[in-house]
Amino acid sequence: MAEIAIDPTLGPVLARTGDERAVLESFLDFHREVVLRKLRGLSDADAARRLVPSATTVAGLVKHLTMVEDNWFPRLLAPMPGEPYRTSEEDAAASYALTADDTVAALTAGYERACARSREVAARFDLDHVVPHPQLGEVSLRWILVHMIEETARHAGHADILRELTDGSTGAI
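Residues numbered from 1 in each chain as written. Predicted model: local features only at pLDDT ≥ 70, side-chain atom pairs only at ≥ 80, totals over all residues. Heavy atoms only, no water.

### Some details on the packing of aromatic side chains
Describing an aromatic ring pair means giving the distance of the ring centres and the angle of the ring planes.
Right, so step 1: All told, the structure shown has 2 aromatic pairs when counted by the stated rule.
Right, so step 2: When the centroid spacing of 5.7 Å and the interplanar angle of 80 degrees are considered together, the rings of Trp72 and Tyr85 count as edge-to-face. Taken together, the positions of Trp72 in helix H4 (residues 58-72) and Tyr85 in the loop between helix H5 (74-77) and helix H6 (89-94) put the pair 13 residues apart, joining distant regions of the chain. With respect to class, Trp72 is no different from Tyr85; both count as buried.
Right, so step 3: With a centroid separation of 5.6 Å and 45 degrees between ring planes, the pair formed by Trp72 and Trp143 is classed as tilted. (Phe/Tyr/Trp six-rings, centres within 6.5 Å; stacked < 30°, edge-to-face > 60°. Helix = DSSP H or I, 4+ residues; strand = E, 2+ residues; numbered from the N terminus. Buried < 20%, exposed > 50% of the residue type's maximum accessible area, 1.4 Å probe, protein only.)

### Details of helix H2 (residues 20-39)
Because an α-helix packs 3.6 residues into every turn, residues spaced three or four apart end up facing the same way.
Right, so step 1: With 20 residues, H2 should cover 28 Å at 1.5 Å per step; its first-to-last C-alpha distance of 29 Å lies within 8% of that length.
Right, so step 2: All of the buried residues in H2 are Arg21, Leu24, Ser26, Leu28, Phe30, His31, Arg32, Val34, Val35, Leu36, Lys38 and Leu39.
Right, so step 3: Tucked inside the fold, the buried residues of H2 contact helix H1 (11-14), helix H3 (44-48), H4, helix H7 (104-122) and helix H8 (141-167).
Right, so step 4: Positive phi shows up at Gly41, right after H2, with a value of about 90 degrees. (Expected span 1.5 Å × (residues − 1). Contact = heavy atoms within 4.5 Å.)

The analysis is restricted to geometry; functional conclusions fall outside its scope.
If you want it as structure tokens, here you go:
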């Protein structure tokens, strides 16, 4: 049986013998980058084009994930006064709604900033750090990281399908 070559520079490969935090963070960063790869190279019109019955678009997914990053890390772990945690269906729906300002460049920059801020906030806490959550009672940073891996990977899969429908491009890398 032939051995399959794996890119040794991928974060999850580099962290394969790392501690729990390194593994969690590398998988989340990998999926964050996959989402951006699905957006990059698209025109603004193609990124915003609806290809499925729902309002889901590649641009909308990135805008949504930007809000999700902000909600789960800064707003939950280190909230600023007057910055409530978003829990409503209206907030979720609005996170996908695109405006003329939501260009590929702007969405990319916004998502990169949100991810950097999330990393910065998360770095201040141990994995066992627990915070109150308005719907779940309490959550640990460990739980947040696992949830964010799931959320980001799920939407990366959506973006992968939409990108393939747009221009035939496939693959995570």
